[in-house]
Amino acid sequence: MFEGRLTAWLALISAGTKNPAAGRPWPSRDTVSTETVWQRRDHIYTVDTETANSDEIFFSKKITWKSRQADVDTCRMKGKHKDECHNFIKVLLQQNDDTLFVCGTNAFNPSCRTYKVG
């Protein structure tokens, strides 16, 4: 079950991520019940699609996972532009009803972690 979802996620991410340093939103999402999870530079958002209307969409939950300053400093010392030295979320997998497994670039020092969201 998770393997197929992870493969679908990776296909969406790789198809939509042309320039992650630009901070553009990735066209990747995962739908669980009526909640849609969107990831972006340094952030993960949950939107309830039942309450969203066509004019405005508001997130119901937000997780911020920024790179530590030491990782950003190391990234900059490696010659990367400051816009590249963020945590671009690359993998987002719902493990169960209240746990997300998340991996990000972490300023060119990749890292993964789990979040309790329930």
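Everything here concerns the structure above.
It should be emphasised that the depicted structure is a prediction, and the values quoted were computed from it without experimental measurement.

1. Thoughts on the overall build of the protein chain
Of the regular secondary structure elements, the protein chain holds two helices and seven strands. Taking all 118 residues of the protein chain together, 34% fall into the buried category. Pairs at least 24 apart in sequence give 36% of the contacts found in the protein chain among residues at least 6 apart.

2. Examining the nonpolar core
The biggest cluster of nonpolar side chains holds nine residues, and these are Val37, Ile44, Ile63, Trp65, Ile89, Leu92, Leu100, Val102 and Tyr115. Contributions of two or more residues to this core are made by β5 (89–96) and β6 (99–104).

3. Some points on unusual backbone geometry
Although it is not a glycine, Ala107 adopts a positive phi angle of roughly 55 degrees. With respect to the helices, strands and loops of the structure, Ala107 is situated in the loop between β6 and β7 (111–116). With a phi angle near 65 degrees, Phe108 is a residue other than glycine that sits in the positive phi range. Tracing the chain through its elements places Phe108 in the loop between β6 and β7.

Cut-offs and rules
Residues numbered from 1 in each chain as written. Predicted model: local features only at pLDDT ≥ 70, side-chain atom pairs only at ≥ 80, totals over all residues. Heavy atoms only, no water. Helix = DSSP H or I, 4+ residues; strand = E, 2+ residues; numbered from the N terminus. Buried < 20%, exposed > 50% of the residue type's maximum accessible area, 1.4 Å probe, protein only. Contact = heavy atoms within 4.5 Å. Core = buried A, V, L, I, M, F, W, Y, C linked by side-chain atoms within 4.5 Å.

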